[in-house]
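# Observations on the model geometry
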Amino acid sequence: MRKPDAVARVRSETGRLEREVEALQGRKALAERTGGDGALASQLTEAVAERLRRISDLAGLIRMFGGKAKGDDLGPAAETATRPAAIDPIDLLQGKGRLNDDQVRAAREIRWVYEAITRAGRARVSRLCEIDPPKGWQEVSLPERAAFIHAKRFVPWAERLRADAPATLDIVLRVAVLGIAIYPVARKHRLGWASCVAKLADGLDRYWRPPKDGAGS
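All of these numbers come straight from a predicted model, not from anything done at the bench.

### Remarks on helix 5 (residues 144-164)
A rise of 1.5 Å per residue sets the reference length of helix 5, with its 21 residues, at 30 Å; its end C-alpha atoms lie 30 Å apart and thus fit the reference within 8%. Approximately 45° is the largest bend angle found in helix 5, and it occurs at H150. Among all positions of helix 5, only A146, I149, F154, P156, W157, A158 and L161 are buried.

### Some details on empty space enclosed by the protein
Taken as a whole, this structure holds 2 cavities of 30 Å³ or more when the rule is applied. Of the voids in this model, the largest cavity is the one considered here, and its volume is about 110 Å³. Forming the walls of the largest cavity are 13 residues, and the residues nearest its centre are R16, L92, A181, I182 and W193. Among the residues making up the lining of the largest cavity, the classes are represented as 9 nonpolar, no polar and 4 charged. One number sums up the size of the second largest cavity: a volume of about 50 Å³. Looking at the second largest cavity, the residues that line it are E20, A23, L24, R27, I87, D91 and L92. Counting only elements with at least two residues in the lining of the second largest cavity, the list comes to helix 1 (6-33) and helix 3 (89-95). Sorting elements by how many residues they give to the lining of the second largest cavity places helix 1 first, with 4 residues. In terms of residue class, the lining of the second largest cavity is made up of 4 nonpolar, no polar and 3 charged.

### Considering the packing of helix 5 against helix 8 (residues 193-208)
Between helix 5 and helix 8, whose axes approach to 9 Å, the crossing angle comes to 135°. Comparing their axes, helix 8 and helix 5 come out oblique. Judged by the twist between their axes, the crossing of helix 5 over helix 8 is right-handed. Every residue of helix 8 that contacts helix 5 at I149, R153, F154, W157, R160, L161 and D164 is listed here: G203, R206, Y207 and W208. Tallied by class, the residues present in the contact of helix 5 with helix 8 amount to 6 nonpolar, 1 polar and 4 charged.

### Comments concerning the pattern of salt bridges
Evaluation of the coordinates by the stated rule reveals 11 salt bridges. As a salt-bridge pair, R111 and D88 come within 3.5 Å of each other at their nearest N and O atoms. Of this pair, R111 sits in helix 4 (residues 101-128) while D88 sits in the loop between helix 2 (38-65) and helix 3, and the two are 23 residues apart along the sequence. For D88, a relative accessible area of 19% translates into the label buried. Members of the salt-bridge network, linked through shared partners, are D88, D91, R108 and R111.

Conventions and cut-offs
Residues numbered from 1 in each chain as written. Predicted model: local features only at pLDDT ≥ 70, side-chain atom pairs only at ≥ 80, totals over all residues. Heavy atoms only, no water. Helix = DSSP H or I, 4+ residues; strand = E, 2+ residues; numbered from the N terminus. Expected span 1.5 Å × (residues − 1). Bend = angle between axes of the 7 residues up to and from the residue. Buried < 20%, exposed > 50% of the residue type's maximum accessible area, 1.4 Å probe, protein only. 1 Å grid on protein atoms, 1.4 Å probe; cavity = no way out; pocket = protein on both sides within 12 Å on 5 of 7 lines; lining within 4 Å. Points joined across faces, edges and corners; volume = space filled by probe spheres on them. Nonpolar A, V, L, I, M, F, W, Y, C, P; charged D, E, K, R; others polar. Axes fitted to C-alpha atoms, helices over the stretch in contact; angles between N-to-C directions. Parallel < 35°, antiparallel > 145°, perpendicular 65-115°, else oblique. Left-handed = near helix turned anticlockwise from the far one by under 90°. Contact = heavy atoms within 4.5 Å. Salt bridge = Lys/Arg side-chain N within 4 Å of Asp/Glu carboxyl O.

Take a look at the structure:
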């Protein structure tokens, strides 16, 4: 709280929590309208209450420390911008109507393929560190379907974005794969919240577009 940007960060976090409360309340109302079971409504009520408590705590921090920032502090630690959000931002954006079903499906597949490739890569690296394989050690293979999608869809998509929209690629990977909230990603790219969401949506739309003739071959 003594950092020069602390109050702005607290207010930004408060705004994020307020949007989550709005999205959760919308899901609760939808569950009640569609006759969902009481357990889901109860869970959503608890989630809303937990976020409201956090909002209250943040308001108390501003009241207590708002005028005591240090002018010579260098600002937030770098890892703050890479910390996953408490709620999956893809779920949150879908709940707010900012992502459609095809875009969410693209985000889920991108994360799944990325994680499958990463797991297989880590297994190969760890195997190279062994002089002799440990007893019972088995190679972690890449699932055949993940390998096929990676080669035929993920890689051509990523290469197209890297060539003509690298910021969009970075936004999609940070939000869809790492689960980082929109606000820190938007700040990294010096974008407004809505502009960052628009780039995310565009990158997810492009995932389903086939490459042009000769591209990705």
